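The chain contents come next:
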Amino acid sequence: MGNITWNFKGKVVVITGSATGIGRGTALQFAKAGADLALCDFNFEEVSRTAEKCQALTSGKVKAYKMNVTDVDEINAAKEAILKDFGTVDVLFSNAGIASKVMGPPLENIPDSDWESTFAVNTLGMVKVCRAFASIFREKKAGKVILTSSIASWTSTPRTMPYSASKIATISFAQAFSIEMGEYNVNVNVICPGFVYTNIYSDGTALKYREAIGGPLKQFNDNESVMNFMASAGSSLHRPQTVDDMAYTVMFLSSDEASEITGSVINVDSGFVKRV
Ligand SMILES: NC(=O)c1ccc[n+]([C@@H]2O[C@H](COP(=O)([O-])OP(=O)(O)OC[C@H]3O[C@@H](n4cnc5c(N)ncnc54)[C@H](O)[C@@H]3O)[C@@H](O)[C@H]2O)c1
């Protein structure tokens, strides 16, 4: 039991990348807070499961939508369906993202396809989703937009080059977008998660780090232990974060109480990034 009682009754919240991980965890917390939820993902089967889990927690309306954030037609079709089903949107959490597949160095090892797919989802996907929903917020002169970047924006290494570059580009976009949307009383902010054990690591990415970095990581044989060690060794609080840590930050940024925060970038990383 925390100190804050969240109440999003009557608020329509759109979340991309809500089939699993941070998106699903945030959807569940918004559901507990009574929000109406439009849950979007290209994995329709899993996002429908998220919707079922959320519906069990709220009397609010919850629906799942198929949306590949690289596909403008799918984004627009989902947006139209959401408007038809809910009438409006109050909060957009643009969160869908992927890890790049190939780690450098050297730079020559990373194929164009990896740069292109990483930017297509992590940067252009965010731009396309924000662009599709912007007119809703402009017309009502209200709204909260939160984008998921990463602390990899600040901690770029040759191993994370495409991912880090795509995530810092997202921050730059969001800050420019926040200035544009300020004219319409719309807040645009960014969260930078540190280390949260989700599919983004469990698909083998953490073990790739073990191979690339070596050293003390060699003692760990599974994705979660590798990720936990990286988070614990590097952060001031010596621990990884949870999907709920991200959800609470997103909920705060979506609340009336955060109305004077815009263009901000919040690291939720147990103090991994020491200085920006
Ligand atoms: N887990 C971490 O430690 C961490 C750290 C920093 C940033 N992030 C960021 O957090 C966000 C969520 O990641 P996560 O950790 O929950 O991982 P995840 O893999 O569990 O979630 C990513 C979600 O995005 C969806 N997705 C991927 N490509 C898509 C596309 N083209 N169209 C629509 N949906 C798509 C996936 O189906 C999934 O539901 C991502 O943007 C990621 O880069 C995560």
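These numbers were taken from a predicted model, which means no experiment stands behind them.

## A short note on the overall build of the protein
Here's step 1: Counting secondary structure elements, the protein contains 10 helices and 7 strands.
Here's step 2: The globule rule puts the C-alpha radius of gyration for 276 residues at 19 Å, and the 18 Å found for the protein is close to it.
Here's step 3: Based on the C-alpha atoms only, the size of the protein along its principal axes is roughly 55 × 40 × 35 Å.
Here's step 4: Considering only contacts within the protein whose residues lie at least 6 apart along the sequence, 71% involve residues at least 24 apart.
Here's step 5: One finds the centroid of the 26 positive side-chain charges in the protein at a distance of 3 Å from the centroid of its 28 negative side-chain charges.

## Describing the packing of aromatic side chains
Here's step 1: Counted under the stated rule, the structure contains 7 aromatic pairs.
Here's step 2: Among the aromatic side chains, those forming a connected cluster through ring pairs are Trp-6, Phe-8 and Phe-30.
Here's step 3: It is Lys-61 that lies over the ring of Phe-86; its NZ or CZ is 5.3 Å from the centre.
Here's step 4: When the ring centre of Tyr-184 is taken as origin, the NZ or CZ atom of Arg-138, which lies over that ring, is 5.6 Å away.

## Describing the pairing of strand 3 (residues 62–66)
Here's step 1: Relative to strand 3, strand 2 (residues 36–41) runs parallel, the two being bridged by 5 bridges. Its bridge partner being in strand 3, Cys-40 is matched across the sheet by Tyr-65.
Here's step 2: Handedness of the crossover joining strand 2 and strand 3 through helix 2 (residues 44–55) is recorded here as right-handed.

## Describing the domain arrangement of the protein
Here's step 1: The domain architecture assigned to the protein consists of domain 1 (12–196 + 242–268) and domain 2 (199–240).
Here's step 2: For domain 1 versus domain 2, the distance between C-alpha centres works out to 25 Å.
Here's step 3: On the domain 2 side, the residues contacting the 13 residues of domain 1 number 12 residues.
Here's step 4: Carbon and sulfur atoms supply 67% of the area buried between domain 1 and domain 2, which totals about 1000 Å² over both sides.
Here's step 5: Contact with domain 2 buries area across many residues of domain 1, yet Met-103, Arg-159 and Phe-195 alone supply 53% of it, more than any other trio.
Here's step 6: Summed over the shared surface of domain 1 and domain 2, the result is 0 salt bridges.
Here's step 7: Counting every contact that joins domain 1 to domain 2 gives 1 residue pair in polar contact (both at pLDDT 80 or more).
Here's step 8: Of the residues belonging to the side of domain 1 that touches domain 2, the class tally is 6 nonpolar, 5 polar and 2 charged.

## Some points on unusual backbone geometry
Here's step 1: Cis rather than trans, the peptide bond between Gly-104 and Pro-105 has omega equal to -10°.
Here's step 2: In this fold, Pro-105 is placed in the loop between strand 4 (91–94) and helix 4 (112–122).
Here's step 3: With a phi angle near 50°, Lys-141 is a residue other than glycine that sits in the positive phi range.
Here's step 4: Secondary-structure assignment places Lys-141 in the loop between helix 5 (124–140) and strand 5 (143–148).

## Notes on the site of the ligand
Here's step 1: Not every one of the 28 residues close to the ligand is listed here, only the nearest: Ile-22, Asp-41, Tyr-163, Val-196 and Thr-198.
Here's step 2: At 2.6 Å, a side-chain N or O of Tyr-163 approaches an oxygen atom of the ligand.
Here's step 3: The protein chains hide 95% of the 820 Å² of surface that the ligand would expose on its own.
Here's step 4: Elements that contribute at least two residues to the shell around the ligand include exactly helix 1 (21–32), helix 6 (161–182) and helix 7 (199–202).
Here's step 5: In terms of residue class, the shell around the ligand is built from 14 nonpolar, 12 polar and 2 charged.

## Looking at the nonpolar core
Here's step 1: Residues Ile-82 and Phe-133 are the most contacted members of the largest nonpolar core, which totals 46 residues.
Here's step 2: Looking at this core, the element that brings in the most residues is helix 5, giving 8 residues.
Here's step 3: Counting only domains with at least three residues in this core, you end up with domain 1 (12–196 + 242–268) and domain 2 (199–240).
Here's step 4: If we ignore the near neighbours within four places in the chain, the residues touching Phe-133 are Val-14, Met-67, Lys-79, Ile-82, Val-89 and Leu-92.
Here's step 5: Trp-6, Phe-8, Ile-22 and Ala-64 belong to the second-largest nonpolar core, a separate cluster that totals 28 residues.

Cut-offs applied
- Residues numbered from 1 in each chain as written.
- Predicted model: local features only at pLDDT ≥ 70, side-chain atom pairs only at ≥ 80, totals over all residues.
- Heavy atoms only, no water.
- Helix = DSSP H or I, 4+ residues; strand = E, 2+ residues; numbered from the N terminus.
- Rg over C-alpha atoms; globule rule 2.2 N^0.38 Å.
- Contact = heavy atoms within 4.5 Å.
- Lys, Arg positive; Asp, Glu negative; His and termini not counted.
- Charge placed at Lys NZ, Arg CZ, Asp CG, Glu CD.
- Phe/Tyr/Trp six-rings, centres within 6.5 Å; stacked < 30°, edge-to-face > 60°.
- Lys NZ or Arg CZ within 6 Å of the ring centre and 35° of its normal.
- Pairing = 2+ DSSP bridges.
- Right-handed = clockwise from strand over helix to strand, strands pointing away.
- Domains from an automatic or database assignment.
- Buried area = accessible area lost by both parts, 1.4 Å probe.
- Salt bridge = Lys/Arg side-chain N within 4 Å of Asp/Glu carboxyl O.
- Polar contact = N/O pair within 3.5 Å; in protein donor to acceptor, adjacent residues only side chain to side chain.
- Nonpolar A, V, L, I, M, F, W, Y, C, P; charged D, E, K, R; others polar.
- Near = heavy atom within 4 Å.
- Areas by Shrake-Rupley, 256 points an atom, 1.4 Å probe, with all protein chains shown as cover.
- Core = buried A, V, L, I, M, F, W, Y, C linked by side-chain atoms within 4.5 Å.
- Buried < 20%, exposed > 50% of the residue type's maximum accessible area, 1.4 Å probe, protein only.

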